[in-house]
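Listed below, chain by chain, are the residues.
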Amino acid sequence: MAAFKNFTGLANALNDSMNTAVENSCNRLLGILQRIIDSEYYDVFDPEYYKRTYQFWRSAVTKMFRQNCGVVFMDKTAMNYNTFWTGEKQLLHASRGSHGGFVTDETRQHRFWEVFIDFC
């Protein structure tokens, strides 16, 4: 057990530990989000008219805003399909169960973001 000479030393040690815990939690949630994207998005539709680039999967990221504050999110700027199909459109349509504009009864039942929010 560490000994602290003053309150500042204790506070610094606790902040470092909390920062590590928040960062580890964000990384763990990111992995879960990516697994949900696999199961609720990619596994329910096989495209015939386009080839997957997995930009959508890779757009799931985590970021530390400041010490002890992090976020897991979908980065719309990480996707570059073309001028018509933007990252923002991809996120909107994917959250509704659409795959590049293709929607089936099966895909409507798989909304990756709702599943992730429910998990959280």
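Nothing here was measured: the structure is a model prediction, and the numbers come from that model.

1. As for the overall build of the protein chain
Step number 1: Broken down by element type, the protein chain carries 5 helices and 2 strands.
Step number 2: Reading the secondary structure of the protein chain in the N-to-C direction produces α-α-β-β-α-α-α.
Step number 3: The C-alpha atoms of the protein chain give 19 Å as radius of gyration, which overshoots the globular expectation for 120 residues (14 Å, by more than 25%).
Step number 4: Dimensions of the protein chain, computed from C-alpha atoms along their principal axes, come out at roughly 65 × 30 × 20 Å.
Step number 5: Sorting the 120 residues of the protein chain into buried and exposed places 28% on the buried side.
Step number 6: Of the contacts made within the protein chain by residues no fewer than 6 positions apart, 56% connect residues no fewer than 24 positions apart.
Step number 7: Accessible area for the protein chain stands at about 8,200 Å²; split by element, carbon and sulfur atoms hold 53% of it.
Step number 8: Counting 13 positive and 13 negative side-chain charges, the protein chain places the centres of these two groups 7 Å from one another.

2. A look at the nonpolar core
Step number 1: With 17 residues, the main nonpolar core has Leu33, Ile37, Phe56, Met74 and Phe112 as its most contacted residues.
Step number 2: Elements that contribute at least two residues to this core include exactly α1 (7-40), β2 (69-74), α3 (87-95) and α5 (112-119).
Step number 3: Ignoring anything within four residues of it in the chain, the contact list for Leu33 reads Ala60, Val72, Met74, Phe112, Trp113 and Phe116.

3. Here's the deal with the environment of Leu14
Step number 1: Mapped onto the fold, Leu14 is located in helix α1.
Step number 2: Measuring from C-alpha to C-alpha, the distance between Leu14 and Asn68 comes to 10 Å, with 54 residues separating the pair along the chain.

4. Some remarks on the pairing of strand β1 (residues 60-66)
Step number 1: In this structure, β1 lies alongside β2, joined through 6 bridges in antiparallel fashion. Residue pairing in the sheet places Ala60 in a bridge with Met74 of β2.

5. With respect to the confidence of the model for the protein chain
Step number 1: Across the protein chain, the average pLDDT comes to 89, with 98% of residues at 70 or higher.
Step number 2: Averaged over each element, pLDDT in the protein chain is lowest for helix α4 (residues 105-108) (78) and highest for β2 (96).

6. With respect to unusual backbone geometry
Step number 1: With a phi angle near 65°, Tyr54 is a residue other than glycine that sits in the positive phi range.
Step number 2: Residue class for Tyr54 comes out partly exposed when judged on its relative accessible area of 38%.
Step number 3: For Asn68, which is not glycine, the phi torsion reads 65° and is therefore positive.
Step number 4: By the secondary structure assignment, Asn68 is in the loop between β1 and β2.

7. Quick notes on the packing of α1 against α5
Step number 1: Axis separation between α1 and α5 bottoms out at 9 Å; the angle between their running directions is 140°. Regarding the angle of α1 to α5, the classification is oblique. When the axes of α1 and α5 are compared, the crossing they make is right-handed. Contacts between α1 and α5 involve Leu29, Ile32, Leu33, Ile36, Ile37 and Glu40 from the former and Phe112, Trp113, Val115, Phe116 and Phe119 from the latter.
Step number 2: When its residues are assigned to classes, the contact of α1 with α5 shows 10 nonpolar, no polar and 1 charged.

Criteria and thresholds
Residues numbered from 1 in each chain as written. Predicted model: local features only at pLDDT ≥ 70, side-chain atom pairs only at ≥ 80, totals over all residues. Heavy atoms only, no water. Helix = DSSP H or I, 4+ residues; strand = E, 2+ residues; numbered from the N terminus. Rg over C-alpha atoms; globule rule 2.2 N^0.38 Å. Buried < 20%, exposed > 50% of the residue type's maximum accessible area, 1.4 Å probe, protein only. Contact = heavy atoms within 4.5 Å. Areas by Shrake-Rupley, 256 points an atom, 1.4 Å probe, with all protein chains shown as cover. Lys, Arg positive; Asp, Glu negative; His and termini not counted. Charge placed at Lys NZ, Arg CZ, Asp CG, Glu CD. Core = buried A, V, L, I, M, F, W, Y, C linked by side-chain atoms within 4.5 Å. Pairing = 2+ DSSP bridges. pLDDT = per-residue confidence, 0-100. Axes fitted to C-alpha atoms, helices over the stretch in contact; angles between N-to-C directions. Parallel < 35°, antiparallel > 145°, perpendicular 65-115°, else oblique. Left-handed = near helix turned anticlockwise from the far one by under 90°. Nonpolar A, V, L, I, M, F, W, Y, C, P; charged D, E, K, R; others polar.

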